[in-house]
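Coordinate inspection notes
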Amino acid sequence: MKKFQFQFESVLKMRRHKRSMCRQLLGEMLQTDQRLIDQAEQLKQHRSEQFQEIRVRQSEGRVDIDGTTSLRYYAGQLQTQIKSVNTNRELMGKQIVLCRQALAKAEQEVKAMEKLSDKHRETFLYAQNQKEMVELEETWSATQQTGGYQ
């Protein structure tokens, strides 16, 4: 019995590889987005600590102008970094949407090729079964003409 071989197997492999690459890229992008989220939280926490330090210094009853100014300046720098991280997250979000769309398309292409492969396999198996039935009938017919088994 012949073994089924899908004539577009190379195309199916290529599409599966493309889908795999899309999945990998999406995973990397989601990891990058999570790192940006973590980085933004860390910067916000550090900025909050700077303002807490300013409050502590002012509660002592004396005002340290130079120290407070440098802490406020640093807090402003942290705010700028937070905005930069948020901008990067927005860009990453857009890229993630595009990557998810590409993954969905790649998934559809793979499913279409797999359906075609299944259809071809069913046709092949049906044809094989028909051939076997014809061969069995011919064998039976030949044995009937010769008078049966000896």
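Residues numbered from 1 in each chain as written. Predicted model: local features only at pLDDT ≥ 70, side-chain atom pairs only at ≥ 80, totals over all residues. Heavy atoms only, no water.

Our focus in this paragraph is the packing of aromatic side chains. Within the structure shown, the criterion is met by two aromatic pairs. Centroid distance Phe 4 to Phe 124: 5.6 Å. Interplanar angle 50°. Geometry classified as tilted. Of the two residues, Phe 4 is situated in the segment before helix H1 (9-59) and Phe 124 in helix H2 (residues 65-145); the sequence distance between them amounts to 120 residues. Relative accessible area serves as the criterion here: at 17%, Phe 124 is assigned to the buried category. Measuring from centroid to centroid gives 5.7 Å for Phe 6 and Phe 8, while their planes differ by 75°, and the two rings are edge-to-face. Among the residues examined, Phe 6 registers a relative accessible area of 5% and is labelled buried. (Phe/Tyr/Trp six-rings, centres within 6.5 Å; stacked < 30°, edge-to-face > 60°. Helix = DSSP H or I, 4+ residues; strand = E, 2+ residues; numbered from the N terminus. Buried < 20%, exposed > 50% of the residue type's maximum accessible area, 1.4 Å probe, protein only.)

Next up on the list: the environment of Phe 6. On the secondary structure map, Phe 6 appears in the segment before H1. Here the alpha-carbon distance between Phe 6 and Leu 125, two residues 119 residues apart in the chain, equals 12 Å.

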